[in-house]
Amino acid sequence: MVLVGPSGAGKSTWAAARYRADEVVSSDALRGVVGSGPHDLDASSDAFDLLERIVAARLGRGLTTVVDTLGLDDARRTAWLALARAAGLPAVVVLLTTPPELCRERNRGRDRPVPAQVITGQIRKAGSIATTLDLEGWDEVHRTDETGGAAESAPERPLGSTTSTTAERRTSQGLRFVLQVGRFPWGEDPATWLAEVALAADRAGFAGLALLDHLIQIPQVGRAWEPIPEPWVTLGLLAGLDTGLELGTLVTPVTFRPPGITAKAAATLDALTGGRAFVGLGAGWWEREHAAYGLPFPPARERLADLEHAITTMRALWAPGTKSAGGLPETTCYPRPAHEIPVIVGGSGDRTLRIARAHADAVNVRTSELERARAALEGSDVRITVLDLPTIGRDRDDTWARVERLRGSTKATAYAERTYAGTPAEQRVRYGALADRGVDTVFLAVGDLDGPDDVERLAPLVV
Ligand code: CTP
Ligand code: MG
């Protein structure tokens, strides 16, 4: 990203409001590093040598780089464009459209103003570049507003504000957010940790809370010796809290429990919560946990047949009355569920989607599988939910710090891209697009949910 504008246009201010300090490469700042200060013109040549090296090194790693110079030198500007192209990165010019009078006025107010005729020259040059910039081949030429651009503010939700307790908690974009909790760094007091996380999710405006259902912590999330509690027991604890959260699993493998037992647990949870239970259901995939707990792990074809059978069995047990149904001699399941318990089928294979279409209320897929799901469910009223695993920081600095902490040995830029790393404001743009593509509910799973403070960090998403 190359900034273009005369002195006093507000380039450095614009960049500082939007980018991390390390992402901005400034000729003034580098004059201060190798010279006596930002205005030491004798240090210009050394400063620009350094600037070029920094730009090249960052682009070589695919890192966001904002070049904060006047941007008026055609040769330098087009060389940066070529460098970005060579690195396979998008290249953007930001043209500051600050009125010349405002630039002059700001300049006069500075400690070391640029001579008036120098500013005049810069303004003239900027004006002529403005007319040809669109022809240089940038992916985008962004023109700022008249004042040099005030910082866009992220939508803020005051913490502790009253939240909707109605059955439908939807954001202004029309999405429901369910917090998926899969790691349990609860220290010495599991029950308090769980309660605080759930209460924070409720305050933030989440529509629900979902637990992973695994017998051993899965390698995608943590180490095998980290705690992963039995979810239906744990949901019972959460049911005792005063929240409006929908509670359920994402997802319960049909291989763990006979379907009637899952139906019984869900009906009980639904009765205890006044109709806030849901059941995520899948075919199971991780052989190791089955072996470790002495459970059969049949081939996929059988597990999928079991999945289909499980849904019809559960539905039969939840249905009113007691009669023979769904292959059962009687369907005697009391307490009755307090509402129609939604079944969300997890997975995106062809057969899974067919089963979902025939029997489920919703499917759950990864965002990358959204189009498959849409195609398979076209014309049905099965809702589409996604499991989203983003990196979300409070601001750009915090986001990047989290990428660095979480990325393991993955390249930072690759991890950031894969986890859609960004601020809440940036995530909202992405969620708006998901809503437009027919997503009903986002199950949000963040890798660094350490406690209630992290839930509050996500609150701006749930506005
Ligand atoms: N400024 C402002 N309001 C803005 C943008 C800038 O009041 N929206 C003020 C800044 O506080 C600063 C002056 O205008 O005192 C110049 O802004 P700066 O960002 O430093 O301008 P640059 O374009 O970076 O100027 P230079 O080329 O001299 O570095
Ligand atoms: Mg500046």
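Cut-off values and rules
- Residues numbered from 1 in each chain as written.
- Chains lettered and ligands numbered in written order.
- Predicted model: local features only at pLDDT ≥ 70, side-chain atom pairs only at ≥ 80, totals over all residues.
- Heavy atoms only, no water.
- Near = heavy atom within 4 Å.
- Polar contact = N/O pair within 3.5 Å; in protein donor to acceptor, adjacent residues only side chain to side chain.
- Areas by Shrake-Rupley, 256 points an atom, 1.4 Å probe, with all protein chains shown as cover.
- Helix = DSSP H or I, 4+ residues; strand = E, 2+ residues; numbered from the N terminus.
- Nonpolar A, V, L, I, M, F, W, Y, C, P; charged D, E, K, R; others polar.
- Buried < 20%, exposed > 50% of the residue type's maximum accessible area, 1.4 Å probe, protein only.
- Phe/Tyr/Trp six-rings, centres within 6.5 Å; stacked < 30°, edge-to-face > 60°.
- Expected span 1.5 Å × (residues − 1).
- Pairing = 2+ DSSP bridges.
- Axes fitted to C-alpha atoms, helices over the stretch in contact; angles between N-to-C directions.
- Contact = heavy atoms within 4.5 Å.
- Right-handed = clockwise from strand over helix to strand, strands pointing away.

As recorded in an unreviewed UniProt entry, the chain goes by LLM class flavin-dependent oxidoreductase and comes from Nocardioides hankookensis.

A. Up close: the site of ligand 1. Around ligand 1, a shell composed of 14 residues is seen, among which Lys11, Ser12, Thr13, Arg106 and Arg110 lie nearest. Contacts to ligand 1 include Ser7, whose side-chain N or O atom sits 3.1 Å from an oxygen atom. For ligand 1, the accessible surface in isolation is 600 Å², of which the surrounding protein chains cover 70%. Per-element accounting of the shell around ligand 1 gives the leading share, three residues, to helix H1 (residues 11-18). Taken together, the residues that form the shell around ligand 1 break down as three nonpolar, seven polar and four charged.

B. Looking closely at the environment of Glu168. Position of Glu168 among the secondary structure elements: in the loop between strand S5 (140-143) and strand S6 (176-181). For Glu168, a relative accessible area of 44% corresponds to the partly exposed category. For Glu168 and Glu246, which are 78 residues apart along the polypeptide, the C-alpha to C-alpha distance reads 9.9 Å.

C. Geometry of the packing of aromatic side chains. The tally for this structure, following the rule as stated, stands at six aromatic pairs. Both rings, one in Phe177 and one in Tyr431, keep their centres 4.9 Å apart while their planes meet at 85°; by these two values the pair is edge-to-face. In this pair, Phe177 is assigned in strand S6 and Tyr431 in helix H16 (residues 424-436), connecting sequence segments 254 residues apart. For Phe177, a relative accessible area of 1% corresponds to the buried category. Judged by its relative accessible area of 0%, Tyr431 falls in the buried class.

D. Fine view of helix H11 (residues 300-318). With 19 residues, H11 should cover 27 Å at 1.5 Å per step; its first-to-last C-alpha distance of 27 Å lies within 8% of that length. Looking only at H11, the buried set comprises Arg303, Leu304, Leu307, Ala310, Ile311, Thr313, Met314, Ala316, Leu317 and Trp318.

E. Region of interest: the sheet that holds strand S11 (residues 362-366). The strand order around the closed barrel built from eight strands is S6-S7-S8-S9-S10-S11-S12-S13, with neighbouring strands paired in parallel fashion. Pairwise comparison of adjacent strand axes, ignoring direction, gives a mean angle of 25° for this sheet. Two elements, S6 and strand S13 (residues 439-444), share four bridges in a ladder whose sense is parallel. In the strand pairing of S13, Val178 is matched with Phe443. The strands touched by H11 are strand S9 (277-282) and strand S10 (343-346); relative to S9, the strand with the most contacts, the crossing angle is about 160°. Contacts between H16 and the sheet are confined to S6, strand S12 (383-388) and S13, with S13 contributing the most and set at about 140° to the helix.

F. Region of the structure containing the pairing of strand S8 (residues 246-253). In terms of burial, S8 is a largely internal element, seven of the eight residues being buried. Bridge count for strand S7 (residues 208-211) against S8 is four bridges, and the pairing is parallel. Bridged to Gly208 within S8 is Glu246. For the crossover that starts at S7, traverses helix H8 (residues 231-239) and ends in the parallel S8, the hand is right-handed. Here five bridges tie S8 to S9, and the two strands are oriented parallel to one another. Of the residues in S9, the one forming a bridge with Gly248 is Phe278. With respect to chirality, the unit in which S8 leads through helix H9 (residues 259-272) into the neighbouring parallel S9 is right-handed.

G. Representation of the pairing of S12 in the model. S12 sits mainly inside the fold: five of its six residues count as buried. In this view, the connection linking S11 to its parallel neighbour S12 by way of helix H13 (residues 370-377) has right-handed handedness. Here five bridges tie S12 to S13, and the two strands are oriented parallel to one another. Counted as the bridge partner of Ile384 is Val439 from S13.

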